[in-house]
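Working through the structure, step by step
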Amino acid sequence: MPTRTSNLGDNMRRTATALVAAVLLAGAAVGCSESGDENARDCAAALTERTGGKSTDKPTVKEAKGRVDAFDKTLAAMVRSGYSSASKEAFDAMEEKTKEGGKSRPEACEPLTEDDYTALLMAKAIDGLGWTDKDGQFDKLKMAEGLNS
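One structure accompanies this document, and this report is about it. Keep in mind the model is a prediction, meaning the values are calculated, not measured. (Residues numbered from 1 in each chain as written. Predicted model: local features only at pLDDT ≥ 70, side-chain atom pairs only at ≥ 80, totals over all residues. Heavy atoms only, no water.)

Some remarks on helix α4 (residues 114–128)
- Here α4 contains 15 residues, and its C-alpha end-to-end distance of 21 Å stays within 8% of the 21 Å for a straight helix at 1.5 Å per residue.
- What α4 keeps buried is the set Asp-116, Tyr-117, Ala-119, Leu-120, Leu-121, Ala-123, Lys-124, Ala-125, Ile-126 and Asp-127.
- Taken from the residues just after α4, Gly-130 is the one with a positive phi, measuring 85 degrees. (Helix = DSSP H or I, 4+ residues; strand = E, 2+ residues; numbered from the N terminus. Expected span 1.5 Å × (residues − 1). Buried < 20%, exposed > 50% of the residue type's maximum accessible area, 1.4 Å probe, protein only.)

Right, dumping it as structure tokens:
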């Protein structure tokens, strides 16, 4: 039968291990998100010249993925609503702008994963096409206006 001292020691070790793990995970998460956001902003700045758009448009990876997701959802809704030719036109314009911007990966983008880099490139292409509002959000009305001009 274990002694009271033995159980106390085991509990303290478990508690200490859990606390150390929590502190290390929290520190890693904060470090990654800060440097990740900084890397994303540096990459976005480097992509501005290639994709056009505003030099102040420097989305984080999360913001870039949100912008691209909104664009994708808009295209899907357009197809469901019978506007497949306009959807294809928007997709083609986006694809062309992304190809122009992504001919070679800027050095500032090297620390990013391929997925994060692609999201930033596409988000910057959306901005370069003039399809974002003043807050950097994808604007489907601006896209429609751009396709009609």
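From this point, the discussion proceeds with the structure in view.
Observations regarding the packing of aromatic side chains
- Counting across every chain of the model gives two aromatic pairs.
- Aromatic side chains Phe-71 and Trp-131 sit 6.0 Å apart centroid to centroid with 25 degrees between the ring planes, which places their arrangement in the stacked category. Here the residue Phe-71 occupies a position in helix α2 (residues 61–80), and Trp-131 occupies one in the loop between α4 and α5 (140–148), the gap between them amounting to 60 residues.
- Classification of Trp-131 by relative accessible area gives buried; the value is 3%.
- Judged by centre distance (5.6 Å) and plane angle (80 degrees), the ring pair of Phe-71 and Phe-138 falls under edge-to-face. Of this pair, Phe-71 sits in helix α2 while Phe-138 sits in the loop between α4 and α5, placing them 67 residues apart in sequence. In this structure, Phe-71 and Phe-138 share a single accessibility class: buried.
- When the ring centre of Tyr-117 is taken as origin, the NZ or CZ atom of Arg-105, which lies over that ring, is 4.5 Å away. (Phe/Tyr/Trp six-rings, centres within 6.5 Å; stacked < 30°, edge-to-face > 60°. Lys NZ or Arg CZ within 6 Å of the ring centre and 35° of its normal.)

Examining the packing of α2 against α4
- Here α2 crosses α4 at 60 degrees, and the two axes come no closer than 8 Å. Classified by the angle between their axes, α2 and α4 sit oblique to one another. Regarding α2 and α4, the two cross each other, and that crossing is left-handed. Contacts between α2 and α4 involve Val-61, Ala-64, Lys-65, Arg-67, Val-68 and Phe-71 from the first element and Asp-115, Asp-116, Ala-119, Leu-120, Met-122, Ala-123, Lys-124, Ile-126 and Asp-127 from the second. (Axes fitted to C-alpha atoms, helices over the stretch in contact; angles between N-to-C directions. Parallel < 35°, antiparallel > 145°, perpendicular 65-115°, else oblique. Left-handed = near helix turned anticlockwise from the far one by under 90°. Contact = heavy atoms within 4.5 Å.)

Here we look at the side chain of Asp-116
- Structurally, Asp-116 is set in helix α4.
- Relative accessible area serves as the criterion here: at 18%, Asp-116 is assigned to the buried category.
- Other than its neighbours up to four places away in sequence, Asp-116 contacts Val-61 and Lys-65.

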